[in-house]
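The chain contents come next:
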Amino acid sequence: EKVLHMDRNDYNGGAGASLNLKQLWEKFGREGEPPEDRLGRSRDYNIDLVPKLIMSAGQLVKLLLHTDVTRYLEFKSIEGSYVYKKGKIFKVPATETEALSTKLLGMFEKKRFRDFLNFLQKYDANDPKTTSGINVESDPMIDIFKKYKLDQHVQDFVGHSLALWQDDDYLNRPARETMDRIALYVDSL
C-alpha cells in the first residue's frame, strides 16, 4: 500500500506544526534568508505555531506519574515565558526578584508588580491580614489590577503569559481563577 500526502506547505502539521527558522521566515512572508550571523542556524529552532505546555505541578503530570506512562515519555522544563515588545524579546517575570530586575517594566511598574506578586504569594482567605480587603471569590480580576495600579501592558502579560488565558474574559471573572492559574504556572517553573 502506498499513501500520497499532498500539502502546499513544505512542513507537516498544518496549523499545529513546529517550524525551523527558515520555514517560519517564509511563512510570515519575509524576503531572502534569515540572517544566521544574528539569529544562528535555522535547524537550531523548533517553533510551535500552537505552543503546548503541560504544567509540571498540574493534574495531568500527576496522573502520568501515577500510571507509570512516564517510562515512555520525556519532559523538558522551560525557563519561563517570553514576550516581544518594541523590537526586543523579554522574559516575563514570575517572581519578586525577576520583577525588580526585568527590563520589561519601568521603575514604578516594577515595584507595583512586585507588590502584586507578593500579595498573590501571601494571600490566605482565612487570614484577614493577607487579603488587603479583597474577596477573590467575588471580586473580578480587573479590580485587583486596579488596586495595584497595574497598567494595560502588565495586565496583558499577567493574564496571557502567567495565567495563560486566551482572551480577556478573565478580567471580569472572579479573581480566584486567575490567581490559581498564576500559582500553578509559578509552581511549575
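Each remark here, short or long, concerns the structure printed above.
Residues numbered from 1 in each chain as written. Predicted model: local features only at pLDDT ≥ 70, side-chain atom pairs only at ≥ 80, totals over all residues. Heavy atoms only, no water.

Draft legend 1. Geometry of the pattern of salt bridges. Taken as a whole and judged by the stated rule, the model has nine salt bridges. A salt bridge links Asp 115 to Arg 114, with the nearest nitrogen and oxygen atoms 3.1 Å apart. Of the residues examined, Arg 114 reaches a relative accessible area of 25% and is grouped as partly exposed. Between Arg 173 and Glu 177 there is a salt bridge, with its nearest N and O atoms 2.6 Å apart. The exposure class of Glu 177 is partly exposed, given its relative accessible area of 27%. (Salt bridge = Lys/Arg side-chain N within 4 Å of Asp/Glu carboxyl O. Buried < 20%, exposed > 50% of the residue type's maximum accessible area, 1.4 Å probe, protein only.)

Draft legend 2. Examining a nonpolar patch on the surface more closely. Together, Ile 54, Leu 60, Leu 63, Tyr 72, Leu 73 and Phe 75 make up a nonpolar patch on the protein surface, roughly 620 Å² of accessible area in all. The topology assignment puts Ile 54 in the loop between β2 (47-48) and α3 (59-66). (Patch = residues over 30% accessible without salt bridge, like charges linked within 9 Å, V, L, I, M, F, W, Y side chains within 5 Å. Areas by Shrake-Rupley, 256 points an atom, 1.4 Å probe, with all protein chains shown as cover. Helix = DSSP H or I, 4+ residues; strand = E, 2+ residues; numbered from the N terminus.)

Draft legend 3. Molecular detail of the packing of aromatic side chains. Under the defined criterion, the tally for this structure stands at eight aromatic pairs. The interplanar angle of 70° and the centroid separation of 6.0 Å between the aromatic rings of Phe 116 and Tyr 148 together place this pair among those described as edge-to-face. Highlighted residues: Phe 116 in helix α5 (residues 107-122) and Tyr 148 in the loop between α7 (141-147) and α8 (152-162), separated in sequence by 32 residues. Residue classification places Phe 116 among the buried residues on the basis of a relative accessible area of 0%. (Phe/Tyr/Trp six-rings, centres within 6.5 Å; stacked < 30°, edge-to-face > 60°.)

Draft legend 4. How the structure looks around the nonpolar core. One finds Phe 113, Phe 116, Ile 144, Phe 157 and Val 158 to be the most contacted residues of the largest nonpolar core, which totals 34 residues. Secondary-structure elements contributing two or more residues to this core are α5, α7, α8 and α9 (175-188). Ranked by the residues each element gives to this core, the list is headed by α5, at five residues. Other than its neighbours up to four places away in sequence, Phe 116 contacts Met 141, Ile 144, Phe 145, Tyr 148, Leu 150, Val 158 and Ile 182. (Core = buried A, V, L, I, M, F, W, Y, C linked by side-chain atoms within 4.5 Å. Contact = heavy atoms within 4.5 Å.)

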